[in-house]
Amino acid sequence: MFFMLRKAFVRHYLIKSMKSFKPNEKIKDNAYIGSIEKYNEIYDYSIKNPEGFWAEQAERISWFKKWGKVWNWDFNKAEISWFEGAKLNACYNCVDRHVENGFGNETALIWEGNNSSENRKLTYDDLLREVQLAANSLKDLGVAKGDRVCIYMQMIPELTIALLACARIGAVHSVVFGAFSPDSLESRINDSECKVLVTQDAGVRGTKTDIPMKKNADETLKNTPSIEKVLVVRRTGSPTEMIRGRDVWWHEAMESADSLCEPEIMDAEDPLFILYTSGSTGKPKGVMHTTGGYMVYTSTTHHYIFDYKPGEIYWCTADIGWITGHSYIVYGPMANRAVTMMFEGVPNYPDYGRFWEIIEKHKVNIFYTAPTALRALMKEGDNWPKKYNLESLRLLGTVGEPIKEPEWMWYHSVIGNERCPIVDTWWQTETGGIMITPLPGVTETEPGSATRPFFGILPQLVDDEGNVLEGNNVEGNLVMERPWPSIMRTVYGDHQRFFDTYFSRFPGKYFSGDGCKRDEKGYYWITGRVDDVIIVSGHNLGTAEIEGSIGRHPDVAEAAVVGYPHEIKGNSIYAFVTLRTGRKITEKTKSEIAKIVRADIGPHATPEKIQFTEGLPKTRSGKIMRRILRNIASDNVDNLGDISTLADPSVVESLVSERI
Ligand code: WT7
């Protein structure tokens with residue numbers, strides 16, 4: 001029902017492209033797959049014989065001990081395991097084995113600082129040394145296998161080192177994006193009862209040269225009883241208060257740490273990390289990923305989708321605070337012995353040419369970024385990219401939200417010079433790795449389509465009643481029929497919520513929360529979320545979380561938050577707010593509300609528009625009809641759909657006339 005009503009709206013702005021681009025011959029000749037026939041053959045095999053296929057792919061990982069059974073699963077109980085009983089260590093796979101194989105003096109990590117004068121290169125030898133010291137530092141602070149370590153940092157090399165150090169000793173890392181507020185950090189630390197926090201004195205990003213990371217953390221730490229120690233990296237040298245007995249400088253800990261640290265032997269199903277993502281209730285979900293399947297899937301996808309060849313310079317611009325950074329800056333590329341880049345800054349500092357300058361400077365071959373960044377850069381004109389030599393680029397990628405034709409075409413012609421394939425990769429925090437994507441040299445691409453499923457992935461479209469929509473030219477809810485190795489295993493501490501969120505809406509299937517269309521060629525077109533999640537600049541935000549935050553303002557009675565299309569950010573946040581009786585509507589109330597949200601969640605969650613209203617459109621059972629609000633916010637007022645089921649249809653009129 002919900003979906004049917006939304007369909008018209010989705011159609012409205014999903015303008016199907018007529019353009020298509022064949023893989024060029026040069027790419028084809030050198031690609032690992034290189035022809036649609038070969039893709040079809042491997043895909044069919046991966047579907048007919050998933051255990052055989054994944055057992056073969058698992059060979060790219062070094063195991064201390066092999067598995068008994070490849071998989072075990074029951075979506076009706078939300079139970080999934082891969083390679084159970086097998087033993088491995090993720091850090092060993094990303095670092096040690098490359099050194100043992102004689103590649104120790106090859107570059108592992110290129111770090112580009114916020115200012116282009118600041119650069120660091122770490123070889124696999126360097127990484128092995130640093131990671132062992134960091135791992136022993138964590139051990140010295142009392143961290144043991146299974147303990148949770150929260151990491152709250154900006155994009156500096158120590159962030160990558162901290163992840164790998166946790167993996168090495170079997171500690172479960174929980175990275176909290178560095179722009180999150182102290183309150184968001186607090187709830188995430190408390191939810192998984194982290195024992196140690198790793199942070200930095202201050203951060204540097206764009207024109208901001210003193211982002212108070214440690215100060216924010218101190219604010220948080222007043223209310224996080226589980227944290228025993230805090231490890232602080234010195235990035236800026238800003239004056240920093242260190243609490244005796246609790247806070248330890250990273251460099252001092254490293255100096256006194258033992259230089260040798262054996263990697264812990266982990267089961268394939270031991271947790272590797274937790275990463276929080278927004279959901280349909282106010283409380284973020286601790287998405288838990290385990291070790292074996294995650295490593296197999298991220299390395300396999302990185303290998304085929306980025307078609308990575310030894311020595312190539314690979315740059316994913318995501319922040320490690322998000323899943324993209326976990327899977328495609330750290331674990332996938334490093335398992336494949338790639339040269340992976342990390343960038344501390346922002347695309348518009350010191351000017352809009354920064355990305356292109358970095359590509360020229362480091363001769364980047366593979367570039368993976370977000371549509372929101374492309375839109376922002378495209379707006380500034382072609383002269384920025386034209387100033388730089390981008391000939392090193394071979395392959396381009398996008399992730400995070402649907403990419404529309406204008407920015408796809410700009411990426412293709414201005415950045416890729418019509419030479420580079422674009423892989424539009426669809427996936428989620430929950431999926432751990434890329435699920436639907438073109439393959440370079442294989443797939444004929446169409447702007448805006450993520451095209452075909454990766455090996456082993458069996459997507460289905462179902463209508464709102466759960467009926468499977470067979471054949472092509474259909475549109476429905478995107479579900480997965482069976483697991484893949486890097487599917488999340490649980491919501492930390494709340495398995496019921498895992499089941500309820502992903503497996504209850506369509507019994508026996510994993511529900512992605514996305515709407516999707518399959519066209520006449522069998523290509524998939526993601527049409528956006530069909531649940532209460534809004535994607536702003538590629539960041540996943542839950543409406544309930546923002547509404548809860550707005551509700552903390554003493555004058556607010558009720559709030560409903562929806563997304564509406566935004567030129568750069570993809571979506572922006574529109575809040576409809578009802579005040580308590582007798583409270584006055586003032587500009588001050590508005591700015592106070594914005595301030596609360598910024599403080600509670602972070603700047604990316606701040607509503608762009610706030611409309612005060614006498615009432616919200618509700619069904620007789622009291623459920624807010626967001627569809628109506630969404631249409632009002634998107635200025636789609638002629639298309640509000642059926643409002644007859646509202647308890648009081650008259651509220652709609654004033655909502656429309658008072659629209660901002
Ligand atoms: C949601 C997941 C996975 C990394 C970043 C986001 C949207 C993601 C695409 C794409 C259209 C996309 C979906 C998805 N999304 N990639 N290529 N085309 N939509 O991770 O924060 O977990 O968000 O991002 O709506 O469900 P996330």
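An account of the accompanying structure is given in this report. (Residues numbered from 1 in each chain as written. Predicted model: local features only at pLDDT ≥ 70, side-chain atom pairs only at ≥ 80, totals over all residues. Heavy atoms only, no water.)

1. A word on the nonpolar core
- Among the nonpolar cores identified, the biggest contains 149 residues, and Phe83 and Tyr331 are the most heavily contacted of them.
- If one sorts the elements of this core by residue count, helix H7 (residues 157–169) sits on top with nine residues.
- Apart from residues no more than four positions distant in its own chain, phenylalanine 83 is found in contact with Trp54, Ala58, Trp63, Trp67, Lys69, Val70, Ala268, Gly292, Gly293, Val296 and Pro485.
- Judged by nonpolar contacts, the second largest core, of 35 residues, contains Ala217, Ile534, Val561 and Ala575. (Core = buried A, V, L, I, M, F, W, Y, C linked by side-chain atoms within 4.5 Å. Buried < 20%, exposed > 50% of the residue type's maximum accessible area, 1.4 Å probe, protein only. Helix = DSSP H or I, 4+ residues; strand = E, 2+ residues; numbered from the N terminus. Contact = heavy atoms within 4.5 Å.)

2. A closer look at the sheet that holds strand E15 (residues 285–290)
- One open sheet holds the eight strands; their spatial order is E12-E11-E8-E6-E7-E14-E15-E23, and the pairing between them is mixed. One side of each edge strand has no neighbouring strand; the edge strands of this open sheet are strand E12 (247–249) and strand E23 (490–491).
- By the bridge criterion, five bridges tie strand E8 (residues 196–200) to strand E11 (residues 229–233) in an arrangement that is parallel. Residue threonine 199 lies in a different strand from E11, and its bridge partner there is valine 232. (Pairing = 2+ DSSP bridges.)

3. Some remarks on the packing of aromatic side chains
- All told, the structure shown has 50 aromatic pairs when counted by the stated rule.
- When the ring of phenylalanine 506 is compared with that of phenylalanine 511, the centres are 5.1 Å apart and the planes differ by 90 degrees; the resulting orientation is edge-to-face. Of the two residues, phenylalanine 506 and phenylalanine 511, both sit in the buried class.
- Its end group placed over the ring of tryptophan 249, arginine 234 keeps NZ or CZ at 4.5 Å from the ring centre.
- In this structure, lysine 309 is placed above the aromatic ring of tyrosine 32, and the distance from its NZ or CZ to the ring centre is 4.9 Å. (Phe/Tyr/Trp six-rings, centres within 6.5 Å; stacked < 30°, edge-to-face > 60°. Lys NZ or Arg CZ within 6 Å of the ring centre and 35° of its normal.)

4. Here's the deal with the site of the ligand
- Taken together, 18 residues sit near the ligand, with Asp424, Thr425, Thr429, Asp514 and Arg529 positioned nearest.
- Contacts to the ligand include glutamate 401, whose backbone N or O atom sits 3.4 Å from a nitrogen atom.
- Note that an oxygen atom of the ligand is positioned 3.2 Å from one of the side-chain N or O atoms of asparagine 540.
- Secondary-structure elements contributing two or more residues to the shell around the ligand are helix H12 (323–335), strand E20 (422–425) and strand E25 (524–529).
- Tallied by class, residues from the shell around the ligand come to seven nonpolar, six polar and five charged. (Near = heavy atom within 4 Å. Polar contact = N/O pair within 3.5 Å; in protein donor to acceptor, adjacent residues only side chain to side chain. Nonpolar A, V, L, I, M, F, W, Y, C, P; charged D, E, K, R; others polar.)

5. Some details on unusual backbone geometry
- Look at the link from tyrosine 349 to proline 350: it is a cis peptide, with omega at 0 degrees.
- On the secondary structure map, proline 350 appears in the loop between strand E17 (339–343) and helix H13 (354–362).
- Here phenylalanine 83, not a glycine, exhibits a phi torsion of approximately 60 degrees, which is positive.
- Looking at the element boundaries, phenylalanine 83 is found in the loop between strand E2 (79–82) and strand E3 (87–88).
- With a phi angle near 60 degrees, aspartate 635 is a residue other than glycine that sits in the positive phi range.
- Within the fold, aspartate 635 resides in the loop between helix H20 (626–633) and helix H21 (650–657).

6. Comments concerning the sheet that holds strand E29 (residues 570–579)
- Taken in spatial order, the three strands line up as E28-E29-E30 in an open sheet, and their pairing is mixed. Of all strands in the sheet, those with a lone pairing partner are strand E28 (556–566) and strand E30 (609–612), marking the two edges. With strand direction ignored, the average angle separating the axes of adjacent strands in the sheet is 25 degrees.
- Summarising the sheet, E29 and E30 pair through four bridges and their orientation is parallel. Bridge pairing in E30 places phenylalanine 576 opposite glutamine 611. (Axes fitted to C-alpha atoms, helices over the stretch in contact; angles between N-to-C directions.)

7. Digging into empty space enclosed by the protein
- Following the criterion strictly, the structure yields one cavity of 30 Å³ or more and no others.
- There is about 40 Å³ of room inside the largest cavity.
- Forming the boundary of the largest cavity are Val175, Val176, Phe177, Phe180, Arg188, Leu275, Tyr276, Gly321 and Trp322.
- Classifying every residue of the lining of the largest cavity by side-chain character gives seven nonpolar, one polar and one charged. (1 Å grid on protein atoms, 1.4 Å probe; cavity = no way out; pocket = protein on both sides within 12 Å on 5 of 7 lines; lining within 4 Å. Points joined across faces, edges and corners; volume = space filled by probe spheres on them.)

8. Thoughts on the pattern of salt bridges
- Here the structure, examined in full by the defined rule, presents 44 salt bridges.
- Residue aspartate 218 pairs with arginine 246 through a salt bridge whose shortest N-O separation is 2.7 Å. Placement of the pair is aspartate 218 in helix H9 (residues 213–221) and arginine 246 in the loop between E11 and E12, with a sequence separation of 28 residues. Comparing aspartate 218 with arginine 246 shows no difference in burial state: the two are buried.
- With a shortest N-O distance of 2.6 Å, arginine 246 and aspartate 247 are connected by a salt bridge. The residues arginine 246 and aspartate 247 share a single accessibility class, namely buried.
- Residues joined in a network through salt bridges with shared partners are Lys22, Glu444, Glu446 and Lys521. (Salt bridge = Lys/Arg side-chain N within 4 Å of Asp/Glu carboxyl O.)

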